[in-house]
Amino acid sequence: MKKLKILMAASECVPFAKEGGLADVVGVLPKHLARMGHDVRVVMPRYKRVDRERYGLKQLPGVLVVPMGVIGNQYCGVWEGRIPGSDVPVYFLEHEGYYGRDGLYEMNNEGYLDNDNRFVFLSKAALELPKMIGFEPDLLHAHDWHTAAIPVLVNTTYAADPYVGGKATVLSVHNMQHQGNFYEGLMDVLGIGWEHFTFLGLEKDGETNLLKGGLYHATVLNTVSKGYAREMQTPEYGWGLDGVVRERAADLFGILNGVDYDDWNPEVDPYIAARYSAADLSGKKLCKRDLQRTFGLPERDDVPLFGMVSRLVKQKGVDILAEAIHRILALDVQFVMLGAGEPWTHFFFGDIKNAYPDKFNLYVGYNNPLSHQIEAGADFFLMPSAFEPCGLNQMYSLRYGTLPIVRATGGLDDSVENFDGKTLSGTGFKFWSHDAGALFDTVGWAVYTWYNRRDAMEKLIANAMAKRFTWEDAAAKYEELYGRALRKRLGEKTFVRRYGKDKPVSG
Ligand code: ADP
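Definitions and limits used
Residues numbered from 1 in each chain as written. Predicted model: local features only at pLDDT ≥ 70, side-chain atom pairs only at ≥ 80, totals over all residues. Heavy atoms only, no water. Buried < 20%, exposed > 50% of the residue type's maximum accessible area, 1.4 Å probe, protein only. Helix = DSSP H or I, 4+ residues; strand = E, 2+ residues; numbered from the N terminus. Pairing = 2+ DSSP bridges. Right-handed = clockwise from strand over helix to strand, strands pointing away. Near = heavy atom within 4 Å. Polar contact = N/O pair within 3.5 Å; in protein donor to acceptor, adjacent residues only side chain to side chain. Areas by Shrake-Rupley, 256 points an atom, 1.4 Å probe, with all protein chains shown as cover. Nonpolar A, V, L, I, M, F, W, Y, C, P; charged D, E, K, R; others polar. Axes fitted to C-alpha atoms, helices over the stretch in contact; angles between N-to-C directions. Contact = heavy atoms within 4.5 Å. Phe/Tyr/Trp six-rings, centres within 6.5 Å; stacked < 30°, edge-to-face > 60°. Lys NZ or Arg CZ within 6 Å of the ring centre and 35° of its normal. Parallel < 35°, antiparallel > 145°, perpendicular 65-115°, else oblique. Left-handed = near helix turned anticlockwise from the far one by under 90°. UniProt positions renumbered as here; feature names shortened; annotations may be inferred. Patch = residues over 30% accessible without salt bridge, like charges linked within 9 Å, V, L, I, M, F, W, Y side chains within 5 Å. Salt bridge = Lys/Arg side-chain N within 4 Å of Asp/Glu carboxyl O.

Once that is clear, we can look at the pairing of strand 2 (residues 39-45). Burial analysis of strand 2 places six of its seven residues in the buried class, the great majority of the element. As paired elements, strand 1 (residues 5-9) and strand 2 share five bridges and run parallel to each other. Within strand 2, the position partnered with Met-8 by the bridge is Val-42. Note on the crossover from strand 1 through helix 1 (residues 21-35) to strand 2: the handedness is right-handed. Taken together, the four bridges between strand 2 and strand 6 (residues 89-94) define a ladder with parallel strand orientation. Looking across to strand 6, one finds that Val-42 is bridged to Val-90.

Another point: the site of the ligand. Taken together, 16 residues are adjacent to the ligand, and Gly-21, Arg-311, Lys-316, Gly-365 and Asn-367 come closest. Separating an oxygen atom of the ligand from a backbone N or O atom of Gly-21 is a distance of 2.9 Å. Asn-367 places a main-chain nitrogen or oxygen 3.0 Å from a nitrogen atom of the ligand. For the ligand, the protein covers 91% of the area, taking 560 Å² as the surface of the free molecule. Per-element tally for the shell around the ligand: the top contributor is strand 16 (residues 305-312), with three residues. Along the lines of polarity and charge, the residues of the shell around the ligand split into five nonpolar, nine polar and two charged.

Attention now goes to the sheet that holds strand 19 (residues 380-383). Strands sit in the order 18-17-16-19-20-21 across an open sheet of six strands; the sheet is parallel. Each end of this open sheet is capped by a strand with a single partner; those strands are strand 18 (360-364) and strand 21 (429-431). Put simply, the sheet's adjacent strands are angled 15° from each other on average, direction ignored. The pairing of strand 16 with strand 19 spans two bridges and is classified as parallel. Within strand 19, the position partnered with Phe-306 by the bridge is Phe-380. Here helix 16 (residues 436-452) sits on the sheet in contact with strand 16, strand 19, strand 20 (403-407) and strand 21, set at roughly 160° to strand 21.

A few words on the packing of aromatic side chains. On inspection of all chains with the given rule, the structure shows 26 aromatic pairs. Between Phe-16 and Tyr-55 the ring centres are 4.7 Å apart and the planes differ by 75°, which places this aromatic pair in the edge-to-face class. On the criterion of sequence distance, the pair formed by Phe-16 in the loop between strand 1 and helix 1 and Tyr-55 in the loop between strand 2 and strand 3 (58-59) is long-range, its members being 39 residues apart. What makes Tyr-55 buried here is its relative accessible area of 17%. Here the aromatic rings of Phe-306 and Phe-335 are separated by 6.3 Å at their centres, their planes lie at 20°, and the arrangement is stacked. On the criterion of sequence distance, the pair formed by Phe-306 in strand 16 and Phe-335 in strand 17 (residues 334-341) is long-range, its members being 29 residues apart. Across the pair, Phe-335 and Phe-306 agree in class, each one buried. One aromatic cluster is present, formed by Phe-306, Phe-335, Trp-344, Phe-348, Phe-349, Phe-360, Phe-380, Phe-419, Phe-429 and Trp-445 through successive ring pairs. Above the face of the Phe-199 ring, Lys-212 is positioned so that its terminal group lies 4.9 Å from the ring centre.

This part is about the packing of helix 11 (residues 318-329) against helix 16. In the contact formed by helix 11 and helix 16, the axes pass within 8 Å of each other and the chain directions differ by 45°. As the angle between them shows, helix 11 and helix 16 are arranged oblique. Handedness of the crossing formed by helix 11 with helix 16: right-handed. Contact residues: Ile-320, Leu-321, Glu-323, Ala-324, Arg-327 and Ile-328 in helix 11; Ala-436, Gly-437, Leu-439, Phe-440 and Val-443 in helix 16. Classifying every residue of the contact of helix 11 with helix 16 by side-chain character gives eight nonpolar, one polar and two charged.

Let us now look at the UniProt feature "domain: Starch synthase catalytic" (unreviewed entry) in the protein chain. Here, the residues flagged by UniProt with the feature "domain: Starch synthase catalytic" (unreviewed entry) are residues 5-247. Along residues 5-247, the helical share is 30% and the strand share 25%, with 29 Å between the first and last C-alpha atoms.

Before going further, it helps to spend a moment on a nonpolar patch on the surface. A surface patch of nonpolar side chains, amounting to about 280 Å² of accessible area, comprises Val-63, Val-65 and Tyr-75. Structurally, the position occupied by Val-63 is in the loop between strand 3 and strand 4 (64-67). By relative accessible area, which is 54% here, Val-63 ends up exposed.

Attention now moves to the sheet that holds strand 11 (residues 181-182). Ordered in space as 11-13-12, the three strands form an open sheet in which the pairing is antiparallel. Edge positions in the sheet fall to strand 11 and strand 12 (203-204), since each of these pairs with one other strand and no more. Of the pairings in the sheet, the one linking strand 11 to strand 13 (residues 207-209) comprises two bridges and is antiparallel in character. The residue of strand 13 that forms the bridge with Phe-182 is Thr-208. Each of strand 11, strand 12 and strand 13 is contacted by helix 6 (residues 210-217), which is oriented at about 50° to strand 13, the strand it contacts most.

Here's what the structure looks like:
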């Protein structure tokens, strides 16, 4: 394939700024694309937490002028760095007023009131940047609502821009719940004309919905699993935009994220008590003991230990877990939980810890080493999510021989195979109905298997540990997706040249 020039714009990128799985994709995918020979560059805000010295950022000469419609021009400095371990340039937009704050999106659970301007600015600055750095991309890749205005602008305000006008665009959706819906007047900041404020444009329930605009205008769309690509077309998972997604279904693809196996590998993991492999699991026993000790639970080999690492929010199924937890802890099991989130969960599971001190313990907060220790030391890993576009922990769990118990949704359904008691195939335990009964039954099934079917457990663990979800595979699929976007764009331009008509499908 021809080597491409790709500009990727996003609100997060590891290791600079991360809140969720989006940051992993933006930080890792470009490295792999660069290894395949593509010229990929990333643009993102320079949040207060992005330390210029630590990452060796260098300031580019000049300022970037960004026209913000009725707000007028805004100006920012641009700092250049590299994604660590690669030559991939990252351009950081330095605008003190928009990004010089502690949070990425919010403070004390309250979204910033100017998030509309902050991310319209990011989208527009990404389109102004190519002129400044002399980089004409073949394709622009936007992620989630924060940069979903890019495909819209490329087709409208920037259609005649010599660097980005009419270029192919890809929009990746990492979560349909967050759409960037704001007051209608945002149209005047975008400056794209009120004719786009319609049912077939950015308007949704009287508001300006940035994700909706991106879904209509991007040349192709993708999300982070095939399962979620199907689900987001349904009212249950579409958060009101399922109709738009259905309309674009022919251009929608699902690509599962990869795992960074340099970081998540029990054979070399520096955070865990003992290293182990599929061929020799003795280290895993030591990790279990260590985990029990860390959480102050009785050090027993003869009890199944459940682990959970998660943002403690409704999406992750903490509500149905709260409903089932007493029944689960009535069994002879242990349970350790790491996470933070909605305040009620801290109180609720704190009470559970007091009620079952020998069975349950909870660590409230974010703790990366501890998350590795849970992956290594637990027997089962629980993910009862209401929806899960991709999910990473179930993939880590498989590598660590810690059998995932998941609700069969999105990426969880795509990456975990259900246990079959007859053939002993499968890599974990699944349930479909999102309720406490189904969750409890499946936990019970896993507990029964653990106590009574050692043969099956050993086989399941071996199956799980042999699974790989690599970034090499994912990057090859993104390359294919880019090829599709470019061909489609070319086809549309040829159509316009021949017939003098506007957009047959997108653009
Ligand atoms: P999401 O992006 O919806 O939060 P993912 O499963 O895609 O869910 O990614 C979550 C990532 O964050 C995983 O790597 C997980 O281990 C990590 N994580 C979540 N909560 C914690 C925590 N409290 N401590 C350490 N790591 C956490």
